[in-house]
Amino acid sequence: MKKIFLYGAPASGKTTLGALLAGALDARHVDLDAEIAASAGRSIPEIFAVEGEAGFRDREAAALAAVCAADGAAVVSLGGGSLLRDANRWLCERAGEVFCLRTPSDEELQRRLGTAPGSRPLGDRARERAAHYASFPLRIEGWFDLGNSLVVVGRGIAGAVLAGERAAADETVARLYPGLFGDGGARLVASIPSGERHKNVGTVSSLWSAFAAAGLGRRDRVAAVGGGVTGDLTGFAAATWMRGMDWINVPTTLLAMVDASTGGKTGCDLPEGKNLAGAFHFPRLVVVDADFLSTLPEELLAAGRAEMIKHEVIAGVRAGEGTAKGAVPTAAEIAANLLVKVGIVKEDPFERTGLRMKLNCGHTVGHAVEKLSGYALAHGAAVAIGCVEEARIAAARALAPAGWPAELAARFAAAGLPTEIPPEIDRARIDETMKGDKKRAGDVIAFALPCGWGNVRIEKIDLGKEPLFRRKYLPDYATQRVLRWLLEGGV
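Bear in mind that the values here come from a model prediction, so they are computed numbers and not experimental data.

What follows is about the sheet that holds strand S7 (residues 166–170). Strand pairs in the sheet, formed through backbone hydrogen bonds, run parallel or antiparallel to each other. The sheet built from 11 strands is open, its strands ordered S2-S3-S1-S4-S5-S6-S13-S10-S9-S7-S8 with mixed pairing. The two strands at the open ends of the sheet, each matched to only one other strand, are strand S2 (28–31) and strand S8 (187–192). Neighbour to neighbour, the strand axes of the sheet diverge by 25° on average, direction disregarded. One ladder, built from three bridges, connects S7 with strand S9 (residues 221–226); its direction is parallel. Within S9, the position partnered with Ala169 by the bridge is Val225. Contacts from helix H10 (residues 201–213) reach S7, S8 and S9, with the element oriented near 165° to S8.

Here is the structure:
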């Protein structure tokens, strides 16, 4: 692992994040200010009082040079002005990578530290140094401590974290980002074929074989680099390898970034249904790097937007309502959206209180439609359809206003997502397929029904007594194609 230097405005969280990140990576944590104080035998304010800022900066430069010269992996929390000297910046960039943290707002700074009477507000310093902080290309826009998992959201940060790790990567990602692997990067121990059809026990078995060939043991860890399929499979293989091995998740699709990467759910599909074999196995670290989105096709961006809209429904915050179809979300937007999910996961990590079930909004119908399509329908598209269909169920049961399904459908459609069950899917089979859902008890299924913005209700429905989907009064798909051909001039 390269040395990672955390930099940014005072009170941006460098010391707290540094300790957490070092723990997740099994690296040494260095708080540069603490090193300076220990060397001087006095506190930082005392150094400033006795030696002035120039004296403190000289001590800071000497301490930084010693840290950069030391062997071994380290996460280093820097002071807010440590890299104002060009020589200090050169040392850090030569020894590793500098991650610059988002500057908190003045209100947030005041909340965190307050302002001592007569002192200069920290917000003034942050504004004066704004251009300086902006000159560092690797950014951290947000981070969340789930207790058993650390989530870091930023831009350009994946490479430094992956350096020296053993990794299982989606084969397409490995081809698109060869610089992440090999010399100076991660050691690729397994390549995972792309697509939901490969999310099966056979692929898990191949990962176990790769772990054995790489000599991985219980005290080792593996990084998953890819979309939700890669993360689910690698996490499940890690959970069951020698009864549990640590792992790091580096999601590369928007869908994985805002959904699968942060919940600790791992698993694979069975012929009987999605994710029926699995385990809760939280990654030590989740690295959400928005730079991966630059190579993502528009349909996969839309798939990720489906989960983001679902989070908006749960939280009642329509933050992305005006987002244009195909727009690439920023790291800051992803961090803000993730706040909804991580807040729920932190309160109910193992789905014991029922709160976390809200995250299944749209998924009961969505998973059934996805399976009946033979997984030709992307997961995000299935979730969009599922949310709208479940909103219709809510409205039919007088749990939501009559106009709510159309309002929600318009929100998904604006993001380029489908909102109707494809005509080739037999609606009469949806009820039976939903009976394979993990949340069933006999024929009773617990639905997380979207009933309005900020209103998701858990409702149990007995599909044996109250089937929800019946064949619409329409010709079957093959007949529709013949009728269309005749109408278009066929004979």
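In this section: the nonpolar core. Residues Leu6, Phe99, Val153, Leu285, Ile334 and Phe412 are the most contacted members of the largest nonpolar core, which totals 102 residues. Ignoring any residue separated from it by four or fewer positions in sequence, one finds Phe412 in contact with Ala306, Ile309, Ala384, Cys387, Val388, Leu417 and Thr419. In this structure, Leu64, Ala74, Leu83 and Ala126 belong to the second largest nonpolar core, which totals 24 residues.

Another point: the sheet that holds strand S14 (residues 440–441). With respect to topology, three strands assemble into an open sheet ordered S14-S15-S16, the strand pairing being antiparallel. Strand pairing shows two members of the sheet lacking a second neighbour, S14 and strand S16 (455–462), which therefore form its edges. Direction of pairing for strand S15 (residues 444–452) relative to S16: antiparallel, over a ladder of eight bridges. Along S16, the bridge assignment pairs Val444 with Asp462. Along the sheet, helix H16 (residues 379–396) contacts S15 and S16; its crossing angle with S15, the most-contacted strand, is approximately 90°.

The next thing to look at is the packing of helix H3 (residues 44–69) against helix H4 (residues 86–95). Running from N to C, H3 and H4 cross one another at 15°; their axes reach a closest spacing of 10 Å. Taken together, H3 and H4 sit at an angle that is classed as roughly parallel. For the pair H3 and H4, the crossing hand works out as left-handed. When H3 is examined against H4, the residues Ala61, Leu64, Ala65 and Cys68 are found in contact with a partner set consisting of Asn88, Leu91, Cys92 and Ala95. Here the residues of the contact of H3 with H4 are counted per class, giving seven nonpolar, one polar and no charged.

Enumeration according to the criterion identifies 25 salt bridges in this entry. Between Lys199 and Asp232 there is a salt bridge whose closest N-O contact spans 2.7 Å. Taken together, the positions of Lys199 in the loop between S8 and H10 and Asp232 in helix H11 (residues 228–240) put the pair 33 residues apart, joining distant regions of the chain. Of the two residues, Lys199 and Asp232, both sit in the buried class. For Glu370, the salt bridge goes to Lys274, with nearest N and O atoms at 3.6 Å.

This part covers helix H17 (residues 404–414). Within H17, the full set of buried residues consists of Trp404, Pro405, Leu408, Ala409, Arg411 and Phe412. Within H17, the buried residues cover an arc of 155° as seen down the axis, which keeps them to one side. Along its buried surface, H17 packs onto helix H13 (298–315), H16 and S15. Looking at the residues trailing H17, positive phi occurs at Gly416, about 85°.

Bringing the pairing of S9 into the picture now. Among the six residues in S9, six count as buried, and that is most of the element. Side chains Arg221, Ala223 and Val225 project from S9 onto one buried face, and the interleaved Val222, Ala224 and Gly226 project onto a second face that is buried too. In the sheet, S9 pairs with strand S10 (residues 246–251) via six bridges, with the strands oriented parallel. Counted as the bridge partner of Gly226 is Pro251 from S10. One crossover worth recording links S9 to the parallel S10 by way of H11, and it is right-handed.

Conventions used here
Residues numbered from 1 in each chain as written. Predicted model: local features only at pLDDT ≥ 70, side-chain atom pairs only at ≥ 80, totals over all residues. Heavy atoms only, no water. Pairing = 2+ DSSP bridges. Helix = DSSP H or I, 4+ residues; strand = E, 2+ residues; numbered from the N terminus. Axes fitted to C-alpha atoms, helices over the stretch in contact; angles between N-to-C directions. Contact = heavy atoms within 4.5 Å. Core = buried A, V, L, I, M, F, W, Y, C linked by side-chain atoms within 4.5 Å. Buried < 20%, exposed > 50% of the residue type's maximum accessible area, 1.4 Å probe, protein only. Parallel < 35°, antiparallel > 145°, perpendicular 65-115°, else oblique. Left-handed = near helix turned anticlockwise from the far one by under 90°. Nonpolar A, V, L, I, M, F, W, Y, C, P; charged D, E, K, R; others polar. Salt bridge = Lys/Arg side-chain N within 4 Å of Asp/Glu carboxyl O. Arc of directions from axis to C-beta. Right-handed = clockwise from strand over helix to strand, strands pointing away.

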